[in-house]
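If you want the building blocks of each chain, they are given just below.
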Amino acid sequence: MADPAMETMVQEVCRLNPGVPEQEVREFLLAQLQGDFEREYPTSFRSRLDEGLPRDERPVYKRRRPSGEAVELQSRCHCGLCAFGVELVAGESMAIRCHCAACRRFHTSAYGAFVLVPDKGTEFWQCGGNALLYRERCSALGSVDRVMCQRCFAKLATLPLEGEQRQAGRALLALGAVTDSSVPPSLARRWQVDFQEFEVSSAALWWTATPNGGDSNNNNNTGGDGEARRSHLCQGGCSCGGCRFEAALLPGEAQHCYCQICRQLSGSVAQTWVPASNESFRWTKQDSLRLVRTTSHGQRHICTRCGGVLTIVYDAQPDCTWPVVGALDDSSLPVDSDGMWYGVIHICCSMMQTWHRLPDDNLPRLKFAG
């Protein structure tokens, strides 16, 4: 007979970590009760494909030629309204990371993460009228149509309207919305190390920032030089400009979150969050803003025109708003990005994409939410 107290705990952890299977949570809690529990991965943890393998038995990551094996990737938005399969081009499996400002802002992530697939035509990408197209310019691809779910605004694809990929009949499938089970491990391992990068000179400095000169264990109330920590006023907004905000970011952690919701809504690798008190956060423009409940314990501010996911507001933290760092203006961030963050942490790493490999940055890696 199931223990009612245990089942209550299981449901609570599932509520706080949407997308995690109940059985995985149950095993997680049982291990904790038996004293065999670790809340964090070791800082040597890099990939879910390596989990449980001794270091000397982990595969060597090498660049390999793509195989000619047919692979159909399954893509699904957060709410389930848009779901489809698309087969990779025979003999091709090129992964792409675009760091241009437009891709970073649209996905509100560190970069746009894609894989090349055949362009199946506008009707296919509209998912029976359930997907929206948003037109803008990518610095690397030129004019593009961005594809997103019209209900949850999960990012699904980018369709080039000009240039080399358009002529080749290619579309860029957003990897964040691709289900891990449809990605063969051999292909995921390849994408961890073998990908084409666009606009690297525009890469987000905050994505690789480390606090206090790399000392992630400094948890006192001063910066690395002993000075009192100060909040930093930043501005940000969505792709279309319909929603703008400013926030004095609080001393605390920047959290790189790899949970299923952040992956699907961004269509990319992760979303990064920082806290701000409601007293220091304000909307300067909210023409197309909507507060959408995305979990049983929190809501997100989203632009209904371009789909930009801009904040999280947790029910348990009514006096705090968490802006997404991917929406912040580069010009409002300090040049010394390391000096801005008082703590940086990777969270929900047990849900991280199989195609992503964490950097060797010595930062904490939580298995679930913080």
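Under an unreviewed UniProt entry, the protein has the name CENP-V/GFA domain-containing protein and belongs to Polarella glacialis. We quote the UniProt Sequence similarities (unreviewed entry) comment for the protein here in full: "Belongs to the Gfa family."

(A) Just the pairing of strand 13 (residues 253-257), in detail. Of all 5 residues that make up strand 13, 4 are buried, and the element is covered over most of its length. Where strand 13 meets strand 20 (residues 343-347), 5 bridges bridge the pair, whose relative direction is parallel. Along strand 20, the bridge assignment pairs Q255 with I345. Across 3 bridges, strand 13 lies against strand 14 (residues 271-273) in antiparallel orientation. From the neighbouring strand, H256 faces strand 14, where its bridge partner is T272.

(B) Structural view of helix 6 (residues 185-193). Where burial is concerned, most of helix 6 is hidden: 7 out of the 9 residues are buried. Residues L187, A188, R189, R190, W191, Q192 and V193 constitute the buried set of helix 6.

(C) Quick peek at the environment of A188. With respect to the helices and strands, A188 occurs in helix 6. Judged by relative accessible area, which is 1%, A188 ranks as buried. Expressed as a C-alpha distance, the spacing of A188 and H356, which sit 168 residues apart in the sequence, is 7.7 Å. In this structure A188 touches L49, V183, T354 and W355, once residues within four positions along its chain are discounted.

(D) Inspection of the nonpolar core at higher detail. L73, W125, L173, W191, W207 and W341 are the most contacted members of the largest nonpolar core, which has 91 residues in total. Residue-level mapping places this core at the junction of two domains, with at least three residues from each of domain 1 (55-198) and domain 2 (205-210 + 230-351). The next biggest cluster of nonpolar side chains, apart from the first, holds 12 residues, and it includes A102, C103, F114 and L116.

(E) Broad picture of the pattern of salt bridges. Tallied over the entire structure, the rule returns 16 salt bridges. With its nearest N and O atoms 3.2 Å apart, the salt bridge here joins R137 to E162. With R137 in strand 6 (residues 131-138) and E162 in the loop between strand 8 (155-160) and helix 5 (163-167), the pair connects residues that are 25 residues apart, well separated along the chain. Put simply, R263 and D180 hold a salt bridge, and the shortest N to O gap is 3.0 Å. Residue R263 is found in helix 7 (residues 260-266), and its partner D180 is found in the loop between strand 9 (170-174) and helix 6; the two are separated by 83 residues along the sequence. Each member of the pair, R263 as well as D180, is classed as buried. Each of R48, D180 and R263 takes part in one network of salt bridges that share partners.

(F) The arrangement of the sheet that holds strand 16 (residues 289-295) in detail. Reading across the sheet, the 7 strands line up as 11-12-15-19-18-17-16 and stay open at both edges, with antiparallel pairing between neighbours. Each of the sheet's edge strands pairs with one partner strand only, and the pair in question is strand 11 (232-237) and strand 16. Sheet twist, expressed as the mean angle between neighbouring strand axes with direction ignored, is 30 degrees. Where strand 11 meets strand 12 (residues 243-249), 6 bridges bridge the pair, whose relative direction is antiparallel. Of the residues in strand 12, the one forming a bridge with Q235 is E246.

(G) Seen up close, the side chain of R170. Among the secondary structure elements, R170 is positioned in strand 9. Here A168 takes part through its backbone oxygen, which lies 2.9 Å from a polar atom of the side chain of R170. Residues in contact with R170, not counting those within four places in the same chain, are V89, E92, L116, V117, D119, P160 and Q165.

(H) Structural detail: the packing of aromatic side chains. A complete count under the given rule lists 11 aromatic pairs for this structure. Ring centres of F281 and W283 lie 5.2 Å apart, and the angle between their planes is 85 degrees; this geometry places the pair in the edge-to-face category. Connected via pairs of aromatic rings, a cluster forms that spans F84, F124 and W125. Lying across the ring of F124, K120 places its NZ or CZ 5.9 Å from the centre. Residue placement shows K155 over the ring face of F106; its charged tip is 5.7 Å from the ring centre.

(I) Representation of the sheet that holds strand 9 within the structure. Judged by pairing direction, the sheet is mixed, and its 7 strands sit side by side in the order 6-7-8-9-5-4-10 without closing on themselves. With partners counted over all chains shown, the strands left at the sheet margins are strand 6 and strand 10 (196-198), one partner each. The average undirected angle you get between the axes of adjacent strands in this sheet is 30 degrees. As paired elements, strand 4 (residues 95-98) and strand 5 (residues 112-118) share 4 bridges and run antiparallel to each other. What sits directly across from I96, in strand 5, is F114.

Conventions adopted
- Residues numbered from 1 in each chain as written.
- Predicted model: local features only at pLDDT ≥ 70, side-chain atom pairs only at ≥ 80, totals over all residues.
- Heavy atoms only, no water.
- UniProt positions renumbered as here; feature names shortened; annotations may be inferred.
- Buried < 20%, exposed > 50% of the residue type's maximum accessible area, 1.4 Å probe, protein only.
- Helix = DSSP H or I, 4+ residues; strand = E, 2+ residues; numbered from the N terminus.
- Pairing = 2+ DSSP bridges.
- Contact = heavy atoms within 4.5 Å.
- Core = buried A, V, L, I, M, F, W, Y, C linked by side-chain atoms within 4.5 Å.
- Domains from an automatic or database assignment.
- Salt bridge = Lys/Arg side-chain N within 4 Å of Asp/Glu carboxyl O.
- Axes fitted to C-alpha atoms, helices over the stretch in contact; angles between N-to-C directions.
- Polar contact = N/O pair within 3.5 Å; in protein donor to acceptor, adjacent residues only side chain to side chain.
- Phe/Tyr/Trp six-rings, centres within 6.5 Å; stacked < 30°, edge-to-face > 60°.
- Lys NZ or Arg CZ within 6 Å of the ring centre and 35° of its normal.

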